[in-house]
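Inside the fold
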Amino acid sequence: QVQLVESGGGLVQAGDSLRLSCAGTGRTFSSFGMAWFRQAPGKEREFVAHISRLGFITKYADSVKDRFIISRDNAKNTVWLQMNSLKSEDTAIYYCAADTEYSESYYSTGHYDYWGQGIQVTVSS
């Protein structure tokens with residue numbers, strides 16, 4: 001069993017920053033590549049960011065590139081998403097996810113084996 005739990009969401013104003021955390025339990029955290037996805041009302045879940053197992057490689061969606069930073073500390077079994085210069089269009093439920101094998105399809109929801117429950121981020125304009 002692998003459990004992922006997000007925290008750190010909330011309501012902020014446009015231009016503010018927010019940091020989400022995802023804590024993992026159940027298996028060695030460094031065994032997983034980790035990602036963040038988000039889903040706005042009425043829209044499909046979309047890729048936000050991915051970080052490799054040891055944290056050396058990161059990938060970002062164009063919509064958050066240069067604003068968001070994904071990081072991890074395997075000793076703490078935690079991955080973070082630092083969100084800066086937030087916009088109203090960033091409003092969504094944010095999910096963390098874990099993959100157990102390498103794939104170039106890291107941007108696809110189908111690539112991931114485990115998901116957190118999601119956490120709301122609301123950005124007021």
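Residues numbered from 1 in each chain as written. Predicted model: local features only at pLDDT ≥ 70, side-chain atom pairs only at ≥ 80, totals over all residues. Heavy atoms only, no water.

Quick notes on the environment of valine 79
Note the following rule: Numbering goes from the N terminus for both helices and strands, where a helix is a DSSP run of H or I of at least four residues and a strand is a run of E of at least two. Only heavy atoms enter the contact rule, under which two residues are in contact if any of them lie within 4.5 Å.
By the secondary structure assignment, valine 79 is in strand β8 (residues 78-83). C-alpha separation for the pair valine 79 and arginine 67, spaced 12 residues apart in sequence, amounts to 17 Å. Residue contacts for valine 79: discarding those within four places in its chain leaves Leu20, Ser21, Cys22, Phe29, Met34, Trp36, Ile51, Ile70, Ser71 and Arg72.

Topic: the side chain of arginine 67
Let me state the cut-off plainly: Classification of residues uses two cut-offs on accessible area relative to the type maximum, computed with a 1.4 Å probe and protein chains only: under 20% is buried, over 50% is exposed, and between them is partly exposed. For the purposes of these results, a polar contact is taken to be a pair of N or O atoms within 3.5 Å, where, inside protein, one atom must be able to donate a hydrogen and its partner to accept one; residues adjacent in sequence count only when each atom of the pair is a side-chain atom.
Note that arginine 67 resides in the loop between β6 (58-60) and β7 (68-73). Among the residues examined, arginine 67 registers a relative accessible area of 10% and is labelled buried. A polar contact of 3.1 Å, which involves the side chain of arginine 67, links it to the backbone oxygen of serine 85. Of the polar contacts made by the side chain of arginine 67, one reaches the side chain of aspartate 90; its length is 2.8 Å. In contact with arginine 67, other than residues within four places in its own chain, are Gln82, Met83, Asn84, Ser85, Leu86, Lys87 and Asp90.

What about the nonpolar core?
Counted only if it meets this: What is meant by a nonpolar core is a set of buried Ala, Val, Leu, Ile, Met, Phe, Trp, Tyr and Cys residues, joined one to another through side-chain atoms within 4.5 Å.
The biggest cluster of nonpolar side chains holds 34 residues, and the ones touching the most others in it are Leu20, Met34, Trp36, Leu81, Met83 and Tyr94. Listing elements by their share of this core, those giving two or more residues are β3 (18-25), β4 (33-39), β5 (46-51), β7, β8, β9 (92-99) and β11 (119-124).

Structural notes on the environment of asparagine 74
You can see asparagine 74 is positioned in the loop between β7 and β8. Under the relative-accessibility criterion, asparagine 74 is labelled partly exposed at 21%. Sequence-wise, asparagine 74 and leucine 54 are 20 residues apart; in three dimensions their C-alpha atoms are separated by 7.8 Å. Excluding residues within four positions of it along the chain, asparagine 74 makes contact with Phe29, Ser30, Arg53 and Leu54. One polar contact links the side chain of asparagine 74 to the main-chain carbonyl oxygen of arginine 53, over a distance of 3.0 Å.

Interpretation note: all reported values are geometric properties and have no functional meaning in isolation.
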